[in-house]
Amino acid sequence: MYLPPHDPHVDDPMRFKPLFRIHLMERKCATVECMYGHKGPHNGHIQIVKKDEFSTKCNQTDHHRMSGGRQEEFRTWLREEWGRTLEDIFHEHMQELILMKFIYTSQYDNCLTYRRIYLPPSSPDDLIKPGLFKGTYGSHGLEIVMLSFHGRKAKGTKITGDPNIPAGQQTVEIDLAHPLQLPDVENLHDFSELSRIVLEVQEQVRREEQEQEQQQEEEERSQAASQPAAKPLGGEGAEGEETAAGAEGTTQNKAPASQPFVLPMGVISRNEDYPRTCRICFYGTGLIAGHGFTSPERTPGVFVLFDDDRFGFIWLELKSFSLYSRIKVSFQNAEAPSREAFDEMLKNIQSLAT
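These notes cover the structure that comes with them.

Reading the values: the criteria
- Residues numbered from 1 in each chain as written.
- Predicted model: local features only at pLDDT ≥ 70, side-chain atom pairs only at ≥ 80, totals over all residues.
- Heavy atoms only, no water.
- Helix = DSSP H or I, 4+ residues; strand = E, 2+ residues; numbered from the N terminus.
- Buried < 20%, exposed > 50% of the residue type's maximum accessible area, 1.4 Å probe, protein only.
- Contact = heavy atoms within 4.5 Å.
- Areas by Shrake-Rupley, 256 points an atom, 1.4 Å probe, with all protein chains shown as cover.
- Phe/Tyr/Trp six-rings, centres within 6.5 Å; stacked < 30°, edge-to-face > 60°.
- Core = buried A, V, L, I, M, F, W, Y, C linked by side-chain atoms within 4.5 Å.
- Pairing = 2+ DSSP bridges.
- Axes fitted to C-alpha atoms, helices over the stretch in contact; angles between N-to-C directions.
- Parallel < 35°, antiparallel > 145°, perpendicular 65-115°, else oblique.
- Nonpolar A, V, L, I, M, F, W, Y, C, P; charged D, E, K, R; others polar.
- Expected span 1.5 Å × (residues − 1).

### Observations regarding the overall build of the protein
The helix and strand inventory of the protein stands at six helices and 18 strands. In the protein, which comprises 354 residues, the share counted as buried stands at 38%. Intrachain contacts of the protein at a sequence separation of at least 6 include 54% that bridge at least 24 residues. Here the protein displays about 20,300 Å² of accessible surface, and carbon together with sulfur accounts for 51% of that area.

Structure (structure tokens):
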């Protein structure tokens, strides 16, 4: 397992933690060992579920228990997961979230299902190279987000989740067609000034979406009234032009001169060591929800591009700032097999089990 660094140090490297290992013996014999817990390797099981998916199961979960009971297990997990003790965390809400995460993760006892992650394709027109990023999420700590580009939009999808927004959800969406011109640093300190700029763009986006919907309805009515062989306006050719125009606009905004940047007064940031210059900013929306992903809604925000490996997002409604840093690890240590070798290994184990 690759764990994010301890909150809020997004630029630190990922942490490596073995969860299981496979021994291939002679005569196509194999054994699986669970590495979870602090009592050493013990008997486990692995099973292929479907393509790009397999499951692990520990057969001796008593090896995960500690002599001091759940309290000792929680304190040990807290030191490893957060790099601190419970006494170091004064915020009551944060203590509650951390306890919820411990209860949620520890109940599985390394009986987990793994699915392959396919990284997004890269294009020369992309604002920066897509990929995986570590990001600060307030009291939830650091989480992993996959940044991808889709024409005139960019999306940040959660790879790891929390009690509010689970994995797989689109945490941020960036509108590359609407760059933001930030005020100078002195006026940027004023949160109300930044809020005014963002809300004006939000209203502009809303009007453009309404006009686009009306135009689409008119084209559909026109298409229904015309002959079947007629090519409607706004067909494949027009759509291709729009996509190309969006990509061209993104390329033009790709490497502007840097500008000073500072967070407005009142905006909370877990990491105060954010860059003080940025390349460009865009209007965007961020997904927020209550515990259990209740009442989800997209709220306005500011996407801030610092450099090729770092970006930020100002959550306007939460008055919060998330800093993201690219994951550069290759996710493969010296003894790790290739993807093809690992897939073959799983097939051999599955055939032995059946």
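### Re the packing of aromatic side chains
Counted under the stated rule, the structure contains 20 aromatic pairs. Consider the rings of phenylalanine 20 and phenylalanine 54, whose centres lie 6.0 Å apart with planes at 75 degrees: the pair is edge-to-face. Here phenylalanine 20 is found in strand β3 (residues 20–24), whereas its partner phenylalanine 54 is found in strand β6 (residues 53–58), with 34 residues between them in sequence. Here phenylalanine 54 falls in the buried class, since its relative accessible area comes to 12%. Geometrically, the ring pair formed by phenylalanine 261 and tyrosine 274 is edge-to-face, given 5.9 Å between the ring centres and 80 degrees between the ring planes. Residue phenylalanine 261 is located in the loop between β12 (259–260) and β13 (268–269), and its partner tyrosine 274 is located in the loop between β13 and β14 (277–278); the two are separated by 13 residues in the primary sequence.

### A few points about the nonpolar core
By size, the foremost hydrophobic cluster in this structure holds 26 residues, and its most contacted members are Leu180, Phe261, Val302, Ile314 and Phe321. Secondary-structure elements contributing two or more residues to this core are α4 (191–225), β15 (280–290), β16 (294–307) and β18 (320–326). Per-element tally for this core: the top contributor is α4, with six residues. The residues contacting phenylalanine 261, other than those within four sequence positions of it, are Leu182, Leu188, Tyr274, Pro275, Arg276, Thr277, Cys278, Val304, Phe306 and Ile314.

### Points about the pairing of β3
On any regular strand, side chains alternate: one points to one face of the sheet, the next to the other face. Looking at chain direction, β3 and strand β4 (residues 30–34) are connected through five bridges and run antiparallel. Across the sheet, residue histidine 23 finds its bridge partner in β4, namely threonine 31. Taking the residues that link successive antiparallel strands as the turn, the β3-β4 hairpin has five residues, and the phi of arginine 27 there is positive, at about 60 degrees.

### Structural notes on the pairing of strand β8 (residues 131–136)
Among the six residues that make up β8, six are buried, leaving the element largely enclosed by the rest of the structure. Adjacent in sequence and paired antiparallel, β8 and strand β9 (residues 142–150) are bridged by five residues, among which glycine 138 carries a positive phi angle near 55 degrees. Pairing geometry for β8 and β18, over three bridges, is antiparallel. In the sheet register, lysine 134 faces β18, and the bridge partner there is serine 325.

### Focus: the sheet that holds β4
The antiparallel open sheet is built from five strands, whose spatial order is β3-β4-β5-β6-β7. Pairing within the sheet leaves two strands with one partner each, and these edge strands are β3 and β7 (112–115). Pairs of neighbouring strands in the sheet enclose a mean axial angle of 35 degrees, with direction left out of account.

### Section: unusual backbone geometry
Residue proline 8 follows aspartate 7 across a cis peptide bond; omega there is 5 degrees. Of note, proline 8 is situated in the loop between β1 (2–3) and β2 (15–16). For aspartate 109, which is not glycine, the phi dihedral falls at a positive 50 degrees. The residue aspartate 109 is located in the loop between α2 (92–106) and β7 in this model. Assessed through its relative accessible area of 13%, aspartate 109 is described here as buried. With a phi angle near 55 degrees, phenylalanine 293 is a residue other than glycine that sits in the positive phi range. Along the chain, the position of phenylalanine 293 falls in the loop between β15 and β16. Under the relative-accessibility criterion, phenylalanine 293 is labelled partly exposed at 25%.

### Some details on the packing of helix α1 (residues 69–82) against α2
With their axes 11 Å apart at the nearest point, α1 and α2 run at an angle of 105 degrees to one another. Considered as vectors, α1 and α2 are oriented roughly perpendicular to each other. From α1, Arg70, Glu73, Phe74, Trp77, Leu78, Glu81 and Trp82 reach across to α2, where they touch Met94, Ile98, Leu99, Lys101, Phe102, Thr105 and Ser106. Each residue belonging to the contact of α1 with α2 can be placed in one class, and the counts come to eight nonpolar, two polar and four charged.

### Observations regarding α4
With 35 residues, α4 should cover 51 Å at 1.5 Å per step; its first-to-last C-alpha distance of 51 Å lies within 8% of that length. Residues of α4 that are buried include every one of Phe191, Leu194, Ser195, Ile197, Val198, Val201 and Val205, and no others. In the core, the buried residues of α4 are packed alongside β11 (170–180), α3 (185–188), β15, β16 and β17 (310–315).

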